[in-house]
Amino acid sequence: MRKDYTMNQGGTIWFTGLSGAGKTTIARLVELELRALGQKVEVLDGDIVRTNLCKDLGFSKEDRERNIQRIGFVCQRLSRNGIVAIVAAISPYREAREEVREKIGHFIEVYCKCPLEVLINRDTKGFYRKALEGTILNFTGISDPYEEPLSPELVLETDKETPRCCAEKVLEKVKQNGYLNLYQNGLKACQSW
Ligand code: ADP
């Protein structure tokens, strides 16, 4: 088979980071671009997953781990069928992330890094105010732990870079990892960003 006709292979792009750090925003940009390139993509957004697949789970350490295991299971099935699974979930525990990484194989961990003060200021969903007041309990970064990745494939400093720039870095990483042979450079589908 000629090299330039190599089939795209699936894989998982796993965005981790505190609430409001930009996981969903960047994941959706990457999704748009990959779709425009003809890649099959599925986004598993933590907020959405928790309203269906993981409706029964709460926010204890055990439930958070189960949440990640279930998302990881779905990703593994999608990835092995040539689909790029994109996860946007806080996924605060390092060990749980490492476990899914091992099961999935083709795995790109993207850490959306943003200082807590900036997130408290951004507070797009109003969660930080409530967590600081104590109306929301077990809130990651305020009253629950977040374990930073030690060696993620990519760190995006979302207080310093634009969403577009962050998405470009992810796509470049996807290309380097050989999941796609189509990406040229620069976003095509997201001109308005
Ligand atoms: P999360 O999914 O991590 O909870 P969201 O993507 O829902 O975060 O929200 C992030 C917010 O921060 C959005 O309002 C987005 O416009 C803003 N933002 C500012 N800079 C960035 C950036 N570089 N990357 C992603 N989001 C950013």
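All of these numbers come straight from a predicted model, not from anything done at the bench.

About the cut-offs
Every chain is numbered on its own, with residues counted from 1 as its sequence reads. Whole-chain, interface and lining totals are the exception, using all residues; otherwise, since this is a predicted model, local features are given only for residues with pLDDT of at least 70 and side-chain atom pairs are given and counted only at 80 or more. Excluding hydrogens and water, the side-chain figures rest on all heavy atoms present in the structure. Helical segments are the DSSP runs of H or I of at least four residues, strand segments are the runs of E of at least two, and each set is numbered from the N terminus. Only protein chains enter the calculation, and the probe is 1.4 Å; a residue is then buried if its accessible area is under 20% of its type maximum, exposed if over 50%, and partly exposed in between. Contact between two residues is taken to exist if any of their heavy atoms lie within 4.5 Å; hydrogens are not considered. To measure how exposed things are, a 1.4 Å probe is used in the Shrake-Rupley method; for residues, cover is taken only from the protein chains shown. One less than the number of residues in a helix, times 1.5 Å, gives the span that helix is expected to have.

(A) Structural context of the overall build of the protein. When helices and strands are tallied, the protein shows seven helices and five strands. Secondary structure elements of the protein, listed N to C terminal, follow the sequence β-α-β-α-α-β-α-β-α-α-β-α. The buried share of the protein, taken over its 193 residues, is 46%. A separation of at least 24 residues holds for 74% of the contacts in the protein among residues at least 6 apart in sequence. In the form shown here, the protein has an accessible surface area of approximately 10,000 Å², with 52% of it arising from carbon and sulfur atoms.

(B) Broad picture of unusual backbone geometry. Although it is not a glycine, serine 91 sits at a positive phi angle of roughly 40 degrees. Looking at where serine 91 falls in the secondary structure, it is placed in the loop between strand S3 (84–88) and helix H4 (94–104). The buried category is assigned to serine 91, whose relative accessible area is 2%. Residue aspartate 123 is not a glycine yet carries a positive backbone phi of 30 degrees. Tracing the chain through its elements places aspartate 123 in the loop between helix H5 (116–122) and helix H6 (127–133). Its relative accessible area of 19% is what places aspartate 123 among the buried residues.

(C) Representation of the side chain of serine 19 in the model. Looking at the element boundaries, serine 19 is found in the loop between strand S1 (11–16) and helix H1 (23–36). Excluding residues within four positions of it along the chain, serine 19 makes contact with Ile90, Leu119, Lys125, Phe127, Tyr128 and Phe139.

(D) Fine view of helix H3 (residues 61–79). Between its first and last C-alpha atoms H3 spans 26 Å; for 19 residues at 1.5 Å apiece the expected length is 27 Å, and the two agree. Taken together, the buried residues of H3 touch S1, strand S2 (41–45), helix H2 (46–49), S3 and H4.

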